[in-house]
Amino acid sequence: TLRLICTTTAVQRKNVGASGPEKYTEAFIKKQIEEFNLGRRHLANMMGEDPETFTQEDIDRAIAYLFPSGLFDKQARPLMKHPTEVFPEQRKIQWGEDGRPFHFLFYTGKQSYYSLMHETYEKLLNVQKHQDQLIAEDLPLQKEKRNLAGSRWLTKIELEEMLLEKVSDDDYSRFIQLLQKLVALPCADIEEKYIQKFSKEVPVQMQKVVIEPLQHDERGVAFSTGEGTRKTARATAVVYDNGTGKITVNGIDILHYFPVLQDREQLLFPFQFLGRIGKHDMVCTVSGGGRSAQAGAIRLASAKALRSFVTEKEVEFMRQAGLLTVDPRVKERKKPGQEGPRRKFTWKKR
Amino acid sequence: DDKLLTEPLRHPDFFSVKELFTLKDLFDARVHLGHKKGCRHRFMEPYIFGCRLDQDIIDLEQTVQHLQLALNFTAHIAYRGGIILFVSRRRQFCHLVESTARACGEYAHTRYWQGGLLTNAHIQFGPGVRLPDLLVFLSTLNNVFEPHVAIRDAAKMNIPTVGVVDTNCNPCLITYPIPGNDDSPAALELYCKLFRMTIIRAKDKRRQSEAIEELR
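Residues numbered from 1 in each chain as written. Chains lettered and ligands numbered in written order. Predicted model: local features only at pLDDT ≥ 70, side-chain atom pairs only at ≥ 80, totals over all residues. Heavy atoms only, no water.

As annotated in an unreviewed UniProt entry, chain B carries the name Small ribosomal subunit protein uS2m and comes from Peucedramus taeniatus. In its Subcellular location (unreviewed entry) section, UniProt records this for chain B: "Mitochondrion". (UniProt positions renumbered as here; feature names shortened; annotations may be inferred.)

An unreviewed UniProt entry lists chain A under the name Small ribosomal subunit protein uS9m, from Peucedramus taeniatus. The UniProt entry for chain A carries the following comment under Subcellular location (unreviewed entry): "Mitochondrion". What UniProt records for chain A under Sequence similarities (unreviewed entry) is the sentence "Belongs to the universal ribosomal protein uS9 family."

## What to know about the overall build of chain A
Check the secondary structure of chain A and you find 12 helices and eight strands. Taken over 350 residues, chain A has a buried fraction of 32%. The contacts in chain A between residues at least 6 apart in sequence include a share of 63% that link residues at least 24 apart. Accessible surface, chain A as shown: approximately 24,600 Å² in total, 54% of it carbon and sulfur. (Helix = DSSP H or I, 4+ residues; strand = E, 2+ residues; numbered from the N terminus. Buried < 20%, exposed > 50% of the residue type's maximum accessible area, 1.4 Å probe, protein only. Contact = heavy atoms within 4.5 Å. Areas by Shrake-Rupley, 256 points an atom, 1.4 Å probe, with all protein chains shown as cover.)

## Description of the interface of chain B and chain A
Between chain B and chain A, the contact holds 29 residues from the first and 24 residues from the second. Both sides of the chain B and chain A interface together cover about 2,400 Å² of buried area, and 55% of this is carbon and sulfur. When the buried surface of chain B facing chain A is broken down by residue, H95(B), Y107(B) and F125(B) rank first, second and third, together holding 29% of it. Joining chain B to chain A, the criterion identifies one salt bridge. Here R100(A) ties to E106(B) by a salt bridge, and the two come within 2.9 Å at their closest N and O atoms. The tally of links from chain B across to chain A stands at 11 residue pairs in polar contact (both at pLDDT 80 or more). Sorting the residues of the side of chain B that touches chain A by element identifies α4 (94-104), β5 (107-109) and α5 (121-124) of chain B as the ones contributing at least two each. (Buried area = accessible area lost by both parts, 1.4 Å probe. Salt bridge = Lys/Arg side-chain N within 4 Å of Asp/Glu carboxyl O. Polar contact = N/O pair within 3.5 Å; in protein donor to acceptor, adjacent residues only side chain to side chain.)

## Regarding the sheet that holds strand β3 (residues 55-58) of chain B
All names here are of chain B. Pairing in this open sheet of three strands is antiparallel, and the strands run β1-β3-β2 from one edge to the other. Each end of this open sheet is capped by a strand with a single partner; those strands are β1 (33-36) and β2 (48-52). Strand-to-strand twist across the sheet, computed as the mean angle between neighbouring axes with direction ignored, equals 30°. Where β1 lies against β3, two bridges are found, and the strand directions are antiparallel. Pairing of L33 across the sheet is with I57, part of β3. (Pairing = 2+ DSSP bridges. Axes fitted to C-alpha atoms, helices over the stretch in contact; angles between N-to-C directions.)

## Brief notes about the nonpolar core
Judged by nonpolar contacts, the single largest core of 65 residues is most densely connected at F86(B) and F195(B). Beyond its immediate chain neighbours, meaning those up to four positions away, F86(B) contacts V97(B), A101(B), E106(B), Y107(B), A108(B), H109(B), V136(B), L138(B), F195(B) and I199(B). Core analysis: the second largest hydrophobic core is formed by 28 residues, V239(A), V249(A), A301(A) and A305(A) among them. (Core = buried A, V, L, I, M, F, W, Y, C linked by side-chain atoms within 4.5 Å.)

## Remarks on the environment of L67(B)
Residues and elements named next belong to chain B. Looking at the element boundaries, L67 is found in helix α3 (residues 60-79). Distance from L67 to K18, taken between C-alpha atoms, is 9.1 Å for residues 49 residues apart in sequence. With residues near it in sequence (within four places) discarded, L67 still touches F21, L26, I178 and L194.

## As for the layout of surface pockets
All names here are of chain A. Considering only enclosed or pocket space, the second largest pocket measures out at about 370 Å³ in volume. Lining the second largest pocket are 10 residues, and of these K208, V209, I211, V315 and E316 sit closest to its centre. Residue composition of the lining of the second largest pocket, grouped by class: five nonpolar, no polar and five charged. (1 Å grid on protein atoms, 1.4 Å probe; cavity = no way out; pocket = protein on both sides within 12 Å on 5 of 7 lines; lining within 4 Å. Points joined across faces, edges and corners; volume = space filled by probe spheres on them. Nonpolar A, V, L, I, M, F, W, Y, C, P; charged D, E, K, R; others polar.)

## Regarding the packing of aromatic side chains
Applying the stated criterion to the full structure yields 17 aromatic pairs over all chains. When the centroid spacing of 5.3 Å and the interplanar angle of 75° are considered together, the rings of Y194(A) and F198(A) count as edge-to-face. Between F269(A) and F273(A), the ring centres sit 6.2 Å apart and the planes meet at 75°, which makes this aromatic pair edge-to-face. Separated by four residues within a single helix, F269(A) and F273(A) lie in helix α10 (residues 261-274), roughly one turn from each other. Put simply, the rings of W95(A), F106(A), Y107(A), Y107(B) and F125(B) pair up and form one aromatic cluster. The aromatic ring of Y194(A) is capped on one face by K123(A), whose charged end is 5.0 Å from the ring centroid. The ring of F14(B) carries the charged tip of K205(B) above its face, separated from the ring centre by 4.5 Å. (Phe/Tyr/Trp six-rings, centres within 6.5 Å; stacked < 30°, edge-to-face > 60°. Lys NZ or Arg CZ within 6 Å of the ring centre and 35° of its normal.)

## Comments concerning the sheet that holds strand β3 (residues 215-216) of chain A
Residue and element names in this part refer to chain A. Strands sit in the order β3-β4-β5-β8-β6-β7 across an open sheet of six strands; the sheet is mixed. Of all the strands in the sheet, just β3 and β7 (252-253) have a single pairing partner and so form its edges. Pairing between strand β6 (residues 247-249) and strand β8 (residues 281-287): three bridges, direction parallel. Bridging from a neighbouring strand, V249 pairs with C284 of β8.

## Things to note about the packing of helix α2 (residues 26-47) of chain A against helix α3 (residues 56-66) of chain A
All names here are of chain A. Where α2 contacts α3, the axes come no closer than 11 Å and their chain directions differ by 65°. Handedness of the α2/α3 crossing: left-handed. Listed contacts from α3 to F36, R40, L43 and M47 of α2 are Q56, I59, A62, I63, Y65 and L66. (Left-handed = near helix turned anticlockwise from the far one by under 90°.)

Take a look at the structure:
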């Protein structure tokens with residue numbers, strides 16, 4: 001994060017007056033809840049409904065009916081909700097009637113964070129003591145490796161929500177280091193429950209791409225289909241086995257459809273890469289885009305179709321050669337104040 | 001109620017603090033060991049017994065007197081229901097100090113001391129905070145070997161202090177200094193044990209006296 005160095009005095013004056021809104025006492029919140037319940041019953045009577053079965057949705061409807069407001073912002077309209085939703089969940093006043101604070105680390109300022117560090121350190125000492133006992137009795141230390149791959153530690157924001165107070169970046173990194181130190185010890189299994197409070201499962205990553213099996217048409221010839229895109233061109237290709245290397249595009253032979261050699265080379269590249277030039281027949285349909293874009297689209301479609309004919313290793317080779325990746329390049333938009341996507345207007349000195 | 005408060009003040013050792021420790025206990029816990037001659041602070045010279053092979057030895061007879069005064073004072077504060085704050089900036093003993101404070105039912109601060117904790121309390125914590133009535137320093141220096149900010153702040157806010165001063169510390173602003181070692185784990189465990197026992201004793205006596213008063 002950036003730290004402001006040259007600041008005005010207005011920014012530096014942070015804690016003038018009470019820090020934030022007034023802290024609510026428990027008695028205050030209780031009184032608000034009683035008033036809310038009374039108000040709910042009055043409202044039910046006013047609307048002519050049963051006070052016992054008056055739900056929050058009924059309250060919202062009643063308020064919208066009695067106090068119609070044309071304000072745009074929904075949060076600015078009249079609102080009647082349970083006090084626990086209205087008053088944010090913040091810490092109520094931390095000390096009792098005689099003035100003594102409840103928590104023993106109150107005077108540090110960040111009591112929940114430091115008590116968390118204290119507890120974690122205590123667990124660490126416990127584990128070390130247990131380890132020493134095992135060594136003294138010459139028993140083997142447990143070496144079951146905890147699966148770290150599927151889990152992650154809590155993020156800073158989640159920790160702030162848990163502790164209900166601000167945590168700085170340094171504090172957060174210190175806490176994570178302490179947890180990692182605890183987990184690294186061999187006998188950390190004892191405190192597994194405690195550690196699980198601070199670790200979350202990472203969802204399973206992208207599934208492996210499923211290669212479709214070969215299909216057979218009426219004559220018994222194996223074939224497979226593939227789709228490809230490039231710029232604005234969309235193509236579908238059907239590759240047949242036991243062929244002579246004939247390729248048809250939109251019902252027209254490639255020699256007539258693609259007069260330019262470069263486009264035909266693009267079409268033949270997947271077959272040439274796998275060494276199967278004369279072995280397959282191909283029938284494709286393509287629409288949109290220009291000459292080169294259509295060629296690229298058909299190339300991708302045919303490569304995808306060929307995956308079903310080929311071993312997994314060769315699929316990996318194709319992927320590394322870039323035959324199976326969709327080309328993400330599209331036409332860049334023109335910006336206002338410029339002639340094209342990058343070209344600026346001619347600069348005239350006067 | 002008045003009688004409850006004035007009764008302990010008539011006896012010099014109402015809480016029998018002298019029985020809690022002997023000079024031999026202090027010697028076994030290595031309280032008499034100080035730092036080297038080069039680290040010696042000028043104001044600690046009256047408390048030093050002598051110097052052997054460049055290492056300062058603290059006078060345990062003076063330590064015993066100072067410790068008795070300090071423990072008596074803490075006992076009186078705890079008897080009157082005062083807030084005691086244990087302060088120490090040594091990382092090795094942070095856990096020990098916090099557990100002692102929790103066991104007594106008092107408070108501890110062994111972390112980074114934010115500037116306005118005592119002097120700016122009403123803004124940092126909120127209006128109506130009650131400040132500690134006694135600060136107990138288990139080590140007067142902070143991590144950079146300079147006197148802890150809390151000593152100066154407590155003096156500013158008129159809060160009495162009790163502190164374990166080593167040969168490289170400044171005992172000036174502390175109301176009840178205890179010359180002694182603050183580096184060995186054995187010495188610190190002894191201090192924690194003594195403070196814990198005095199505070200618990202004082203609180204028990206308070207509860208007993210209140211119960212006796214109610215019965216009357």
